[in-house]
Amino acid sequence: MPGYEEIIRCNRCGFCQSVCPTYLHSHDEVQVARGRIHLTRLLLEGKYDFTKDPELAEKVDDCLLCGSCTVACPSSVKTDEIMVAARNDFVTNRGLKLFQKLVYGGLLPRKERLERVTSLMRLYEKSGARNVLYGKVLRRAFDRLVYYESFLPDNLSKPARLGLGPIVRPSSAPKIKIAFFLGCASNAFWGRTVRDSLSYLISRGALIHIPPTTCCGEPHRSSGDLTETKKLALKNSELIFKEEYEAIVTDCSTCAKALSRYDEFVGPDSKEGERVRALLGRVVDLNTFVVERLGLRTEDLKPTGFGTVTYHDSCHAIRGLGIREAPRAILSAIPGLAFREMEGADSCCGGAGSYGFTHPTMSGRIAADKAAKIAKSGADVLSTSCPACALQLGAGLKRAWKTVPILHPVELLAHSAGVAESVPPTIGHAGDRQAKVDKRERRP
Amino acid sequence: MNDQRENGGFNQRSLKALTDIVGRGYCRSHPIDLELYSYDSSPFIHYPWAVVIPGTVDEMAEVVSLCRRHGWPLTCRGAGTNLSGGAVAHRGGVLMSTTRLNRIVDIDLLEETALVECGVVNLDLQNALAPVGYMFPPDPASQKASTLGGNVAENAGGIKGVKYGITKHHVLGLELILDDGSMVKTGKLKRGLEFNEPDLTGIFLASEGTLALVGRALLKITPLPTSYRTMSAIFDSLFKSGQAVSAIIADGIIPTALEIIDRTLIAALEDYLHLGFPVGAEAMLLIELDGLGPELNAQLARIKDICFKAGAVGIEEAENEEDREKLWLARRSGNGALGRVKPATIVQDVTVPIVHLPKMLSLVLDIAERHRIVIAQMAHAGDGNLHPHILFDPSDGQEYVRCLKASADIFAAALKVGGTITGEHGIGLEKVAFMSDEFTEAELDFMASIKASLDPTGILNPDKVLPKKWQPHGGKGPF
């Protein structure tokens, strides 16, 4: 954990202003890495403390932890790590906030509860209750409610784990044995993504174990609750860091990043930490696994019906794990699909875990900007490898009245290879949703 | 601080009056917010009473007028990347941030001008101009963050300074906010054409926000060159690299950029970017030429020749655009990357006649040795502009004192060889004490008379640039 030495390396040159998403959407020194580091420095020097100055916690919470500043910083100051340390200080002194207690304490570590929530959301969406909210009167009256509601994806699928056994076998003799780490958000919101990706993997001869893991711990770490992070990490590491698995794969880049640092999470100097460290090299994100371990096979791919795709790099993938080429290689391999880079593909979407819920104004601004850039790219399908980014981008697009389906690269690949179980989402056009809503409003 | 506030009659009603102008959320007085507007890129830290972030030039003018009526000190700040303490509120008062005024109003290719608001970031203008084949030549190393209003106020130089000149050569007119809040236009911005008048725009360049504030600026833009050649030459002493620079200029070649980077910086930048810089080499000279391809090849051959004669031990040419970008990214990151060596820096920008450059570089080395401190040197060598970075650890008080002494020695040395104490970073707070070394009494009196006529109450960026004696009311104001 970085301390004072890390902080004083910032000599306030201001280069972070050119990349910090919260600064670019506010032009305010209160919302930039340099300012956050300065405050943390004063905190460490004892000028302020969280118990007397609650406003300080707000400033520390405003950071997305996207890591853009570290890349642009000539002294490579790790603002995200510094913020986590500061939040840990806050949590230790003051405890988690209510929202965090509810979601991080009550939902994420307990997948059954989370799955029940998903079922309720499905009921809400499928029953048409959603249309009531989107009706003219309620929409005006509760625009904040509509904001939160927009995070719910269209055609929400069943939780991934429902109806999925602990082991998925290929029809022929297995070529590789892997553990699939099923993350909370993937499980709860993107069941179809997981199912189709697994179908693709077994079609390529992978024998897949899906251990009953709990939350990866990254949300807890981001909010500064390092004790809980360690607890979760210990639980998971027993289940997935096993000799028998040749690779530990996950479709979620946040989980992948967290798992790749599990030796730190469980305690770097402990016995478990050492055991985990030896197997750490086996953690791999789904895209990289397909490209580098299975190898892209292009012979039996068919057009998917989509014409142009663009890709959003999640912070945890591009800056956390340095993954840039693998997802692009997959998308470019699909016949009939043109890959078009969007402007600012690697800039944070403003989702940042629960940031969209805790900081609606800033997060909403960033999402709107992202949605505009996605639309500008002219893509009719958006691809990303992070379930949280997908929720945030989906919400941003929805609020901008644009319907662009969002698929994981491997999910698209599964459709192209003809092994996907789910019906491929149809191409939506900007204004489609508007038309739908208008139609609803015309109803008596 | 509170006493001062009371002196200015600053209270909740004052905050309300400011809020009424800029709107809710854009006037701040919470101690933590003030903390974040108490610094710039220099070591100086001073707290304003309130921060305002206006959204339009008119709001700026209203704030100025209110400050003048009440006699509150007013400091205007862009991105807060000033290196001489020019953007901190030394006397408290109101700190105005221009970062929301970031609209590029117009780009006119026929006239080759760009009209911008003061808060537009230098690089954002470059990025807007590049697709149409143009650039704004002044490119200070801080261009990623620093605003054009700040560039004008400081008369910022840059890497391309050797060939293209500095900010003052590219400003055609200004819309100024005077100390009473009235607005005037100068130069081409007034008439739409250049006519015969005294250069009224000129006196506001490098005025550091002490004479008037810049609302909008009309800038001259320049077509992008068609091709570049970029190379780096390695030397085993700073002196030799300086000699090479003098020889290149003496030969009549005008490169776009001639930059010297010393041993400490080479190591820090290599640690940051991993470009394969020769860690351990004493000096590296970055050279860039622009223009037409065939002409450049001949010049390049001559430069190589000169460098080898001056004692270069190795020369490497950037093979493609990517390599070139990396070299310049390295150069621009110099200031920030020194955080890897020591946490704080005083950056000097003394400038000397080009013949004395080699000598001055070695003088700085001697000074560092004499005071037992680390000085990392960078230089816009082509125009004789040195950037000694005096590194220190703020927790070591004695080291800081030695640094200040070294700083004074560098100023004295530069003045002795006929140079100046600042080439582009401004006087700010840092160099005020040295103004009387550089200028005669009569010259300072002349400057004071300009200051007194434009800002008689002394509200605009008090205590900066002119020593106390030459400030309005002997620096006791504002009233």
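Nothing here was measured: the structure is a model prediction, and the numbers come from that model.

## Topic: the overall build of chain A
Each helix and strand counted, chain A has 26 helices and 9 strands in total. Taken over 444 residues, chain A has a buried fraction of 49%. Nonlocal contacts in chain A, meaning residues at least 24 apart in sequence, comprise 79% of its contacts between residues at least 6 apart.

## Topic: the overall build of chain B
Across its full length, chain B holds 16 helices and 18 strands. A burial count over chain B gives 54% of its 479 residues as buried. A separation of at least 24 residues holds for 70% of the contacts in chain B among residues at least 6 apart in sequence.

## Concerning the nonpolar core
Val52(B), Val94(B) and Ala217(B) are the most contacted members of the largest nonpolar core, which has 177 residues in total. Residues contacting Val52(B), with those up to four places away along its chain left out, are Leu18(B), Val22(B), Tyr26(B), Cys27(B), Val63(B), Val94(B) and Met96(B).

## Some details on the interface of chain B and chain A
At the junction of the two partners, chain B supplies 30 residues and chain A supplies 26 residues. Counting residues per element, the ones that place at least two in the side of chain B that touches chain A are helix 3 (31-36), helix 12 (321-337) and strand 16 (344-347) of chain B.

## Some details on unusual backbone geometry
All names here are of chain B. Although it is not a glycine, Asn461 sits at a positive phi angle of roughly 40°. Take Asn461: it is sitting in the segment after helix 16 (441-454). With a phi close to 75°, Asp463 is a non-glycine residue in the positive phi region. When you line up the elements, Asp463 lands in the segment after helix 16.

## Points about the pairing of strand 17 (residues 374-380) of chain B
Residue and element names in this part refer to chain B. The element strand 17 is largely enclosed, with a buried count of 6 among its 7 residues. With 3 bridges joining them, strand 13 (residues 257-262) and strand 17 adopt antiparallel strand pairing. When the sheet's bridge partners are listed, Ile261 is paired in strand 17 with Met378. In this antiparallel pair of consecutive strands, strand 17 and strand 18 (residues 385-392), the connection spans 4 residues, and Gly384 shows a positive phi of 70°.

## Quick notes on the sheet that holds strand 8 (residues 381-384) of chain A
Strand pairing within a sheet occurs via backbone hydrogen bonds; the two strands may be parallel or antiparallel. Residue and element names in this part refer to chain A. Ordered by their spatial adjacency, 4 strands build an open sheet running 7-6-8-9, and the pairing between neighbours is parallel. Looking along the sheet, the strands with just one partner apiece sit at the ends: strand 7 (338-339) and strand 9 (406-407). Sheet strands touched by helix 24 (residues 387-399): strand 6 (308-312), strand 8 and strand 9. Its angle to strand 8, the strand with the most contacts, is close to 150°.

## Focus: the packing of helix 19 (residues 286-294) of chain A against helix 21 (residues 325-333) of chain A
Residues and elements named next belong to chain A. Between helix 19 and helix 21, the least distance of the axes is 8 Å, while the angle of their chain directions is 70°. Judged on the interaxial angle alone, helix 21 and helix 19 are roughly perpendicular. Along this stretch, helix 19 crosses helix 21, giving a crossing that reads as left-handed. Of helix 21, the residues touching helix 19 (which contributes Asn287, Thr288, Val290 and Val291) are Ala326, Pro327, Ala329 and Ile330. Taken together, the residues that form the contact of helix 19 with helix 21 break down as 6 nonpolar, 2 polar and no charged.

## Thoughts on the domain arrangement of chain A
Interface size, as often reported, equals the accessible area lost upon joining of the parts. All names here are of chain A. In terms of domain boundaries, chain A breaks down into domain 1 (4-94), domain 2 (99-149), domain 3 (167-292) and domain 4 (298-442). Using only C-alpha atoms to locate each centre, domain 3 and domain 4 end up separated by 23 Å. If you list the elements that add at least two residues to the side of domain 3 that touches domain 4, you get helix 12 (184-189), helix 13 (191-203), helix 14 (218-222), helix 16 (253-259) and helix 19. Examining the composition of the side of domain 3 that touches domain 4, we find that 8 residues originate from one element, helix 13, more than from any other. Split into classes, the residues belonging to the side of domain 3 that touches domain 4 amount to 10 nonpolar, 12 polar and 6 charged.

## Quick notes on the pairing of strand 4 (residues 247-250) of chain A
Residue and element names in this part refer to chain A. Pairing of strand 2 (residues 176-180) with strand 4 involves 3 bridges; the strand directions are parallel. Residue pairing across strands places Phe180 opposite Val249, the latter belonging to strand 4. The pairing of strand 4 with strand 5 (residues 283-285) spans 3 bridges and is classified as parallel. Following the sheet pairing, Thr250 is matched in strand 5 by Asp285.

## A few points about the domain arrangement of chain B
All names here are of chain B. Here the domain parsing of chain B yields domain 1 (2-97), domain 2 (104-223) and domain 3 (227-416). Each of domain 2 and domain 3 has a C-alpha centre, and the two are 27 Å apart. Between domain 2 and domain 3, the residue contacts involve 7 residues of the former and 15 residues of the latter. Taken together, the residues that form the side of domain 2 that touches domain 3 break down as 3 nonpolar, 2 polar and 2 charged.

## Brief notes about the confidence of the model for chain A
All names here are of chain A. When pLDDT is averaged along chain A, the result is 84; 89% of the residues meet or exceed 70. Segment residues 428-435: pLDDT under 50, and 12 contacts once partners within four positions in sequence are set aside and those in other chains are kept. Note that residues 437-444 has pLDDT below 50 and, in this model, 6 contacts with residues that lie over four places away or in other chains.

## Looking at the sheet that holds strand 4 (residues 94-97) of chain B
All names here are of chain B. The strand order across the open sheet built from 4 strands is 1-2-4-3, with neighbouring strands paired in mixed fashion. Looking at strand neighbours, the two that pair on one side only are strand 1 (27-28) and strand 3 (74-77), the edges of this open sheet. Two elements, strand 1 and strand 2 (residues 50-52), share 2 bridges in a ladder whose sense is antiparallel. Bridging from a neighbouring strand, Arg28 pairs with Val51 of strand 2. Packing against the sheet, helix 4 (residues 57-70) makes contact with strand 2, strand 3 and strand 4, and its axis sits at approximately 170° to strand 4.

## Observations regarding the environment of Ala329(A)
As for its placement among the helices and strands, Ala329(A) is situated in helix 21. Excluding its chain neighbours within four sequence positions, the residues that come into contact with Ala329(A) are Val291(A) and Leu296(A).

## Things to note about the environment of Arg122(A)
Its place among the elements puts Arg122(A) in helix 8 (residues 111-126). The exposure class of Arg122(A) is partly exposed, given the 17 C-beta atoms found within 10 Å.

## Considerations on the packing of helix 21 of chain A against helix 25 (residues 409-417) of chain A
All names here are of chain A. Two elements in contact, helix 21 and helix 25, have axes whose closest approach is 9 Å; the angle formed by their N-to-C orientations is 20°. The angle between helix 21 and helix 25 falls in the class roughly parallel. Judged by the twist between their axes, the crossing of helix 21 over helix 25 is left-handed. The residues of helix 25 that touch helix 21, namely those facing Pro327, Ile330 and Leu331, are Pro409, Val410, Leu412 and Leu413. Among the residues making up the contact of helix 21 with helix 25, the classes are represented as 7 nonpolar, no polar and no charged.

## Things to note about the environment of Ala301(B)
Residue and element names in this part refer to chain B. Summarising the element assignment, Ala301 is placed in helix 11 (residues 293-310). The exposed category is assigned to Ala301, around which 10 C-beta atoms lie within 10 Å. In this structure, the C-alpha to C-alpha distance between Ala301 and Ala250, residues 51 residues apart in sequence, is 16 Å.

## Let's talk about helix 21 of chain A
What helix 21 of chain A keeps buried is the set Ala326(A), Pro327(A), Arg328(A), Ile330(A) and Leu331(A). If you follow the buried residues of helix 21 of chain A, they end up packed against helix 19, strand 6, strand 7, strand 8 and helix 25 of chain A.

About the criteria used
- Residues numbered from 1 in each chain as written.
- Chains lettered and ligands numbered in written order.
- Predicted model: local features only at pLDDT ≥ 70, side-chain atom pairs only at ≥ 80, totals over all residues.
- Helix = DSSP H or I, 4+ residues; strand = E, 2+ residues; numbered from the N terminus.
- Buried ≥ 20, exposed ≤ 12 C-beta atoms within 10 Å, placed from the backbone.
- Contact = placed C-beta atoms within 7 Å.
- Core = buried A, V, L, I, M, F, W, Y, C linked by C-beta atoms within 7 Å.
- Pairing = 2+ DSSP bridges.
- Axes fitted to C-alpha atoms, helices over the stretch in contact; angles between N-to-C directions.
- Parallel < 35°, antiparallel > 145°, perpendicular 65-115°, else oblique.
- Left-handed = near helix turned anticlockwise from the far one by under 90°.
- Nonpolar A, V, L, I, M, F, W, Y, C, P; charged D, E, K, R; others polar.
- Domains from an automatic or database assignment.
- pLDDT = per-residue confidence, 0-100.

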